[in-house]
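Now for the letters of each chain:
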Amino acid sequence: MADALPKTPMLDELEKGGWPSFVTEIKLAAEKNPMGKDLLGLLERSYKEKIGHWKHGGIVGVMGYGGGVIGRYNDLPEEYPNISHFHTMRINQPAGWFYTSEALRGICDIWEKRGSGLTNMHGSTGDIILLGTSTDQLEPTFQDLAKIDFDIGGSGSDVRTPSCCCGMARCEWACYDTMAACYDFTMTYQDELHRPAFPYKFKFKFSGCPNDCVASIARSDMSIIGTWRDEIQIDKDAVKEYADSGMDIDSDVVGNCPGKCMAWDGKELKINDKFCVHCMHCINAMPKALRPGKDRGATILIGSKAPIVEGALLSSVLIPFIKMEPPYQEIKDLVDKMWDLWCEEGKNRERIGEFIQRIGLGNFLDEIEVDPIPEMVAHPRENPYVFYEDYYEDEDEDDEEGDDE
C-alpha cells in the first residue's frame, strides 16, 4: 500500500460536523497528486508537534516580474520531498469575480498539470490563489496561463491586485461602474503591480455603494466607495406598503438611523438629508421604498490595514465626493502625488496609513496639495479587530476583586 494516504487522526477531526472541510479537499487532491499526500503528512505532524514546518525563504518568480509568486519551502525536505518546494502563485482575478466555466476549467487543468491542484478562490487580496508548485514549474505555469488570458497578480511591496464588487453588473445600489474602474486601474498600473518599488504594499478596492461588499474601508490603502450627494429617493406609496404590511418603521428604520435624520409620523417618512451619513441602513431595510440619490459618484478614503506591526486602521476620508468618470485622471493624479511622497519619505514596511500617522495628516495634505475639510476628522474610532466588551468586562472584574481586598 505504498500509495495509501498517511494516517491523520487529528486532521480527521476537522472533517466532522456539517461544514465543508479543507482536509477533505486535500485528501481528494492527494488521490491524484503526490504533493497532496505529503501535505497531509506534514500538516498532521505540525498539529501533533505544535510546530510550523514552513519557512519563507528565497526569491522566486517569473521572468520580468518581481511580484506574484510567494516562495514556500518546508524544513523537512528529505521526509516530504514532494513539497520541498510549495510556492504559491497569485493570479489576477477578473473584475467582480465573473468567470465562464471554460475559464475555470482552463485554470484547473493547468494547475493539476503544473502544481498541487489545490486552489483558494479567492484569497484575502482578491486573487486566484494557486497553492503549491516547484520552482521549475513557475515559468511554464505563467506561460500556460498567458495563453488563456490570465496574468499574475501582485505580491510584495507593490500595487496589490485591484479588487471590486460586482457593481452595476448585478447590484441595484451601485453608484458607479466598479468593474470598469477596477479594470482601468489594473491596466494603468501594470508596472507598479508587477515590479515592487514601494516601501510596502498598496491596495485599491472599489465598492459600488456604502454597503462596501469588498470591505474596502478595512482592507485597502485606497478605498473608493460609491455614494451620492443629493437627496435619498423616496417612493411614498411603497413606504405605506411597508407600514401596512406590519413593518415598525419608527423602531426598525428611524430608530436605527445613526444620523438621526429621519422622522415617521405614521403616515409620512421625512429625511433631513443634510444630516444623512449614507450608511445605507434605511435603504437596505426598505429597498422598494428608498434608493440612493441621482447625483452619484464616490468617496475616496485612505489608509486602512489589518494589524501586523502596528494596530488595525480603518480608512479615513480624503475626498468626500468625486464623479467616477473614465479615464479617472483626477484620482490618478492624486495617487501619483501620494506615491511620490510616500516612496521618498516612507520607511520600509510602512503602509501609507501608518506613514500619515507618523508625519501627521496636516503635513501629508500639504505635500499632496489637498485642502483639509471636516470630513477628514478620524475620531472617535474603533479598532475593528478588537472586541472591547470583553476588555471592559475583565477590567470590571479586576476592580471588584480589588474592592474585596
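All figures in this text were calculated on a predicted structure; none of them were measured in a lab.

Attention now moves to the overall build of the protein chain. Within the protein chain one finds 15 helices and 15 strands. Seen through its C-alpha atoms, the protein chain measures out along the principal axes to roughly 75 × 55 × 55 Å. Looking at the protein chain as a whole, 45% of its 405 residues qualify as buried. Summarising the internal contacts of the protein chain: among those between residues at least 6 apart in sequence, 65% fall at separations of at least 24. Surface accessibility of the protein chain: about 21,800 Å² in total, with carbon and sulfur atoms responsible for 51%. Within the protein chain, the 72 negative side-chain charges are centred at a point lying 6 Å from the centre of the 42 positive side-chain charges.

Position of tryptophan 339 relative to the elements: it lies in helix H12 (residues 329-345). Given the relative accessible area of 5%, tryptophan 339 is considered buried. Measuring from C-alpha to C-alpha, the distance between tryptophan 339 and glycine 303 comes to 13 Å, with 36 residues separating the pair along the chain. For tryptophan 339, the residues in contact, after removing those within four places along its chain, are Val159, Tyr189, Glu192, Phe198, Phe202 and Phe204.

Turning next to the state of the cysteines. What the rule picks out here adds up to zero disulfides. There is no disulfide at cysteine 171, and the cysteine sulfur nearest it, in cysteine 209, is 5.2 Å away. We note that cysteine 276 lacks a disulfide partner, and the nearest cysteine sulfur, in cysteine 261, lies 4.8 Å from it. Relative accessible area serves as the criterion here: at 18%, cysteine 276 is assigned to the buried category.

Looking now at the packing of aromatic side chains. Applying the stated rule across the entire model yields 16 aromatic pairs. Residues phenylalanine 185 and tyrosine 328 carry aromatic rings whose centres are separated by 5.9 Å and whose planes lie at 50° to one another, so their mutual orientation is tilted. With phenylalanine 185 in helix H6 (residues 178-188) and tyrosine 328 in the loop between strand E15 (316-322) and H12, the pair connects residues that are 143 residues apart, well separated along the chain. Residue phenylalanine 185 shares its accessibility class with tyrosine 328, and that shared class is buried. Ring geometry for phenylalanine 204 versus phenylalanine 206: centroids 6.4 Å apart, planes at 20°, classification stacked. Note on phenylalanine 206: relative accessible area 0%, which makes it buried. A connected cluster of aromatic rings, assembled from ring pairs, spans Phe185, Tyr189, Phe198, Phe202, Phe204, Phe206, Tyr328, Trp339 and Trp342.

This paragraph deals with the packing of H12 against helix H13 (residues 352-359). It is at 11 Å that the axes of H12 and H13 come closest, and there the two elements cross at 75°. When the axes of H12 and H13 are compared, the pair comes out roughly perpendicular. Across from Met338, Leu341, Trp342 and Glu345 in H12, the residues of H13 making contact are Ile352, Phe355, Arg358 and Ile359.

Our focus in this paragraph is the pattern of salt bridges. Summed over the entire model, instances satisfying the criterion amount to 18 salt bridges. With a shortest N-O distance of 3.4 Å, glutamate 354 and lysine 305 are connected by a salt bridge. Separated by 49 residues along the polypeptide, glutamate 354 in helix H13 and lysine 305 in the loop between strand E14 (296-302) and E15 bring together distant segments of the chain.

Let us now look at the sheet that holds strand E7 (residues 163-164). Across the sheet, five strands lie side by side as E7-E8-E9-E14-E15; this open sheet has mixed pairing. The open sheet is flanked by E7 and E15, the only strands paired with a single partner. Summarising the sheet, E7 and strand E8 (residues 204-207) pair through two bridges and their orientation is parallel. When the bridges of E8 are listed, serine 163 appears paired with lysine 205. In this fold H12 packs onto E8, strand E9 (222-228), E14 and E15, with an angle of close to 155° to the strand it touches most, E15.

Mapping glycine 96 onto the fold places it in the loop between strand E4 (88-91) and helix H4 (101-114). Sequence separation between glycine 96 and cysteine 164 is 68 residues, and the spatial gap between their C-alpha atoms is 5.7 Å. For glycine 96, the residues in contact, after removing those within four places along its chain, are Cys164, Cys165, Cys166 and Met179.

Here E4 shows a buried face lined by Thr88 and Arg90 and a second buried face lined by Met89 and Ile91. Bridge count for strand E2 (residues 69-70) against E4 is two bridges, and the pairing is antiparallel. Directly across from isoleucine 70, in E4, lies its bridge partner threonine 88. Where E4 and strand E6 (residues 128-131) come together, four bridges link them in antiparallel fashion. Looking at the pairing, isoleucine 91 lines up with isoleucine 128 of E6.

On to the sheet that holds E2. One open sheet accounts for four strands, arranged E2-E4-E6-E5; its pairing is antiparallel. The open sheet is flanked by E2 and strand E5 (118-121), the only strands paired with a single partner.

Rules used throughout
Residues numbered from 1 in each chain as written. Predicted model: local features only at pLDDT ≥ 70, side-chain atom pairs only at ≥ 80, totals over all residues. Heavy atoms only, no water. Helix = DSSP H or I, 4+ residues; strand = E, 2+ residues; numbered from the N terminus. Buried < 20%, exposed > 50% of the residue type's maximum accessible area, 1.4 Å probe, protein only. Contact = heavy atoms within 4.5 Å. Areas by Shrake-Rupley, 256 points an atom, 1.4 Å probe, with all protein chains shown as cover. Lys, Arg positive; Asp, Glu negative; His and termini not counted. Charge placed at Lys NZ, Arg CZ, Asp CG, Glu CD. Disulfide = S-S within 2.5 Å. Phe/Tyr/Trp six-rings, centres within 6.5 Å; stacked < 30°, edge-to-face > 60°. Axes fitted to C-alpha atoms, helices over the stretch in contact; angles between N-to-C directions. Parallel < 35°, antiparallel > 145°, perpendicular 65-115°, else oblique. Salt bridge = Lys/Arg side-chain N within 4 Å of Asp/Glu carboxyl O. Pairing = 2+ DSSP bridges.

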